[in-house]
Amino acid sequence: QVQLVESGGGLVQAGGSLRLSCAASGGTFSRYAMAWFRQAPGKEREFVAGIAWSGGNTYYADAVKGRFTISRDNAKNTVYLQMNSLKSEDTAVYYCAAAAYASGSSDSVASYAYWGQGTQVTVSS
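Residues numbered from 1 in each chain as written. Predicted model: local features only at pLDDT ≥ 70, side-chain atom pairs only at ≥ 80, totals over all residues. Heavy atoms only, no water.

A.B. asks: Would you explain the sheet that holds strand β8 (residues 78-83) in this entry?
C.D. replies: What holds strands together in a sheet is hydrogen bonding between their backbones, with the strands either parallel or antiparallel. Here we have four strands laid out as an open sheet, ordered β1-β3-β8-β7, and antiparallel in their pairing. Unpaired on one side and paired on the other, β1 (3-7) and β7 (68-73) mark the two borders of the sheet. Between one strand axis and the next, the sheet turns through 15° on average, direction left out of account. Relative to β8, strand β3 (residues 18-25) runs antiparallel, the two sharing six bridges. What sits directly across from Ser21, in β8, is Tyr80. (Pairing = 2+ DSSP bridges. Helix = DSSP H or I, 4+ residues; strand = E, 2+ residues; numbered from the N terminus. Axes fitted to C-alpha atoms, helices over the stretch in contact; angles between N-to-C directions.)

A.B. asks: How do you make sense of the packing of aromatic side chains when you look at a structure like this?
C.D. replies: The geometry of two aromatic rings is summed up by the distance between their centres and the angle between their planes. This model, assessed by the stated rule, comprises five aromatic pairs. Ring centres of Tyr32 and Tyr114 lie 6.0 Å apart, and the angle between their planes is 75°; this geometry places the pair in the edge-to-face category. Of the two residues, Tyr32 is situated in strand β4 (residues 32-39) and Tyr114 in strand β10 (residues 114-115); the sequence distance between them amounts to 82 residues. For Tyr114, a relative accessible area of 19% puts it in the buried group. Between Tyr112 and Trp115, the ring centres sit 6.4 Å apart and the planes meet at 75°, which makes this aromatic pair edge-to-face. Residue Tyr112 is classed as buried on the basis of its relative accessible area, which comes to 6%. (Phe/Tyr/Trp six-rings, centres within 6.5 Å; stacked < 30°, edge-to-face > 60°. Buried < 20%, exposed > 50% of the residue type's maximum accessible area, 1.4 Å probe, protein only.)

Here it is, written out as structure tokens:
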């Protein structure tokens, strides 16, 4: 059983940057593909980025490609999401998710068994 705790959210002006972190515990972190999803008010939860268990492959939604970078540190049991050039439409609750023995390429909520509680990101224009 994996527990995930996100941190790093906050209020930032458009064009600014934030780095989200997700600390994992309770499982062998290196066996899990990790992903970030987000959910804005009144909208479905959507895939943002994913990373394979090895960190060798990364995947991004078109809306964030070139602005966001997902990475992981298996020694620290932590996955990161570096967000640059933030836009007002990036405002959402951001969730960390984990899937065992997966590639991290799936953009489906159903593919991930473990979820964090979420961290709010608000981008002011």
